[in-house]
Amino acid sequence: MGPLTGKVAVVTGASRGLGRSIAFELASSGAQVAVNYNTSAEPAMEVARCISSDGSRAVTVQADVSREEDVRRMVDEVVQEFGGVDILVNNAGINRDRTLRKMTSAEWHEVMRTNLDSVFYCTQAVVPHMSQRGGGVVVNMSSIIGRMGNVGQANYAASKAGMIGFTKAAARELARDNIRVVAVCPGFVETDMLAGVPEQARERLLTQVPLGRFGKPGDVARLVRFLCSEAGWMTGAILDLNGGHYIPS
Ligand code: NAP
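None of these values were measured; they are calculated from a predicted model. (Residues numbered from 1 in each chain as written. Predicted model: local features only at pLDDT ≥ 70, side-chain atom pairs only at ≥ 80, totals over all residues. Heavy atoms only, no water.)

(A) Geometry of the environment of serine 118. Along the chain, the position of serine 118 falls in helix α4 (residues 105-132). Between the C-alpha atom of serine 118 and that of methionine 163, which follows or precedes it by 45 residues, the distance is 10 Å. Beyond its immediate sequence surroundings of up to four residues, serine 118 is in contact with Val65, Ser66, Asn90 and Arg113. (Helix = DSSP H or I, 4+ residues; strand = E, 2+ residues; numbered from the N terminus. Contact = heavy atoms within 4.5 Å.)

(B) Just the environment of isoleucine 179, in detail. Relative to the helices and strands, isoleucine 179 resides in strand β6 (residues 179-186). In the structure, isoleucine 179 is positioned 92 residues away from isoleucine 87 in sequence and 9.4 Å away in space, judged by C-alpha atoms. Sequence-distant contacts of isoleucine 179, that is, excluding residues within four places in its chain, are made with Val127, Met130, Ser131, Gly135, Gly136, Val138, Leu174 and Thr235.

(C) Highlighting the sheet that holds strand β1 (residues 8-11). Pairing in this open sheet of 7 strands is parallel, and the strands run β3-β2-β1-β4-β5-β6-β7 from one edge to the other. Of all strands in the sheet, those with a lone pairing partner are β3 (58-62) and β7 (238-241), marking the two edges. Between one strand and the next, the sheet's axes are offset by a mean angle of 20°, whatever the strand orientation. Summarising the sheet, strand β4 (residues 87-90) and strand β5 (residues 136-141) pair through 4 bridges and their orientation is parallel. Residue asparagine 90 lies in a different strand from β5, and its bridge partner there is asparagine 140. (Pairing = 2+ DSSP bridges. Axes fitted to C-alpha atoms, helices over the stretch in contact; angles between N-to-C directions.)

(D) A look at the side chain of serine 143. Here serine 143 lies in the loop between β5 and α5 (144-148). From its side chain, serine 143 meets the backbone nitrogen of isoleucine 145 in a polar contact 2.9 Å long. The residues touching serine 143, leaving out its near neighbours within four places in the chain, are Tyr156, Lys160, Val184, Cys185 and Pro186. (Polar contact = N/O pair within 3.5 Å; in protein donor to acceptor, adjacent residues only side chain to side chain.)

(E) Focus on the packing of helix α1 (residues 17-28) against helix α9 (residues 217-229). Where α1 contacts α9, the axes come no closer than 8 Å and their chain directions differ by 50°. In terms of orientation, α1 lies oblique with respect to α9. Of the two elements, α1 crosses α9, and the hand of that crossing is right-handed. Each of Gly17, Leu18, Ser21, Ile22, Glu25 and Leu26 in α1 lies in contact with α9, whose residues at this interface are Pro217, Gly218, Val220, Ala221, Arg222, Val224, Arg225 and Cys228. The residue inventory of the contact of α1 with α9, partitioned by class, reads 8 nonpolar, 3 polar and 3 charged. (Parallel < 35°, antiparallel > 145°, perpendicular 65-115°, else oblique. Left-handed = near helix turned anticlockwise from the far one by under 90°. Nonpolar A, V, L, I, M, F, W, Y, C, P; charged D, E, K, R; others polar.)

(F) Here's a closer look at the nonpolar core. Membership of the largest hydrophobic core comes to 34 residues, with the highest contact counts inside it found for Ile22, Leu26 and Val139. Mapped onto this core, the elements with two or more residues apiece are β1, α1, β2 (32-37), α2 (41-53), β4, β5, β6 and α9. Here this core takes 6 residues from α9, the largest share from any one element. Excluding residues within four positions of it along the chain, leucine 26 makes contact with Leu4, Ala9, Val11, Ala31, Ile87, Val89, Arg225 and Cys228. Counting residues in each nonpolar core, the second largest holds 27 residues, with Val65, Leu88, Ala92 and Tyr121 among its members. (Core = buried A, V, L, I, M, F, W, Y, C linked by side-chain atoms within 4.5 Å. Buried < 20%, exposed > 50% of the residue type's maximum accessible area, 1.4 Å probe, protein only.)

So, to be careful, I would describe these as geometric facts and stop short of saying anything about function.
And the structure:
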């Protein structure tokens, strides 16, 4: 038993990294979890197996969240399995880094479709189900890069800043249905995504983090759990957690 007992959570991109940790954290508070993945079937099944062996219910659901028809099918499958949706964590994301001069339109669109179009598709698909259950929570995984920009990441920064605008608009619009919408902006966290950054660049980055360490997936997952279970009067908020790397005025 926990504060999320009886709740159903959909976590996109939960086969590894932040999504995996968020799936575990929500399950440990009692939620039943739909573990979405695109290509990593076996790691996603392992996440679901771990959750089930700890006593919560979990299923895996394949969907490329950049495709509207996949998202509709995913939400239908989750509703059929669990009877509804209470929590959506829009976590799936990619980067295709290249300086602006060299970035191809394919790299631009792939990132926008995966990181931003997906947020529209997933949120729109769950709203009727949340509304039917008297409310819900949508947590959007933005990024420090959407707050401060970065060389070589115009596509990624635009997608993550777009999520912030989406969060604010959706929070206003969906409040009447008791659906809260918030965004989390992590700094650099130790996942496969950070592992793709060259060692020298990582060392340079670390010098810019006052707390002197990169984040761990659990740092982010615990905040997401709090947002889903304790933060009942919070909506439209944009939350930075980055070891002090970016402190807005
Ligand atoms: P990661 O380790 O690369 O994992 C990405 C996850 O997204 C995987 O589960 C992947 O599933 C899934 N995914 C990718 N494209 C997908 C698609 N089209 N449809 C469905 N799932 C898809 O990334 P991460 O570091 O955990 O990042 C998670 C989120 O946090 C991202 O939105 C990222 O932008 C954001 N973020 C990360 C950091 C960081 O430092 N790590 C910082 C700030 C924000 P498959 O393997 O099945 O494709």
